[in-house]
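Spelled out from the first residue to the last, the chains are:
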Amino acid sequence: MTDTTQPSERYTKGMATRRAVLGDAHVDRASANATPFDQPFQTLITEAAWGTVWSGSQWTKRERSMVTIALLAALGQDEEVAMHVRATSNTGATEEDIREALMHVAIYAGVPAANHAFKIAKQALAGMRAENTEKEGVK
């Protein structure tokens, strides 16, 4: 977003995709926590990651979720793995998809990376199930 008064088309598209994948609450928190120091970074990831890569037409959001989880697990990015596991509720990736992505991590990036990512994913999935149970109890 080079002009602060008018967001770029990629920024606008990226923000819509970011919200669709991560949810309004997450994006609202990230936006509220942005400072003048990291605002250019927030703009960069909104335009490049969300407005270009995640908004592409060659893969579905489900496919992008699986690849993203595998890459983040291979890199040991625990918080990002958990965030993207939670995002599967918006992308259509299933627990089986997550498991298969992490099985690939074991073979191509190493068993320790996959083992740790399985732990992170199990925690995130358990939290999602607990949240869904709470929501169902409120109905």
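All values reported here derive from a predicted model rather than from experimental measurement. (Residues numbered from 1 in each chain as written. Predicted model: local features only at pLDDT ≥ 70, side-chain atom pairs only at ≥ 80, totals over all residues. Heavy atoms only, no water.)

A separate point is helix α4 (residues 61–75). Along its 15 residues, α4 runs 21 Å from first to last C-alpha, staying within 8% of the 21 Å computed at 1.5 Å per residue. For α4, the complete set of buried residues consists of Arg-64, Ser-65, Met-66, Thr-68, Ile-69, Ala-70, Leu-72 and Ala-73. As for α4, its buried residues are in contact with α3 (39–53), α5 (78–91), α6 (95–108) and α7 (111–138). Phi for Gly-76, located one or two positions after α4, is positive at around 70°. (Helix = DSSP H or I, 4+ residues; strand = E, 2+ residues; numbered from the N terminus. Expected span 1.5 Å × (residues − 1). Buried < 20%, exposed > 50% of the residue type's maximum accessible area, 1.4 Å probe, protein only. Contact = heavy atoms within 4.5 Å.)

Quick look at the environment of Ile-107 now. Relative to the assigned elements, Ile-107 resides in helix α6. On the accessibility criterion, Ile-107 (68% relative accessible area) is exposed. Distance from Ile-107 to Ser-65, taken between C-alpha atoms, is 19 Å for residues 42 residues apart in sequence.

Look at helix α1 (residues 9–22): 20 Å from first C-alpha to last across 14 residues, which is about the 20 Å you get at 1.5 Å a residue. Regarding α1, the residues found buried are Tyr-11, Gly-14, Met-15, Thr-17, Arg-18, Val-21 and Leu-22.

Taking the UniProt record as the reference, the feature "domain: Carboxymuconolactone decarboxylase-like" (unreviewed entry) is found at residues 41–122. Counting secondary structure, residues 41–122 comes out at 83% helix and 0% strand; the distance between its end C-alpha atoms is 30 Å. (UniProt positions renumbered as here; feature names shortened; annotations may be inferred.)

Judged by nonpolar contacts, the single largest core of 22 residues is most densely connected at Ala-73, Val-81, Val-85, Ile-98, Leu-102 and Val-105. Element by element, the count of residues in this core is highest for α7, at eight residues. When sequence neighbours within four positions are dropped, the list of residues in contact with Val-81 reads Ile-69, Leu-72, Ala-73 and Ile-120. Counting residues in hydrophobic clusters, the runner-up holds nine residues, among them Leu-22, Val-27, Trp-50 and Trp-54. (Core = buried A, V, L, I, M, F, W, Y, C linked by side-chain atoms within 4.5 Å.)

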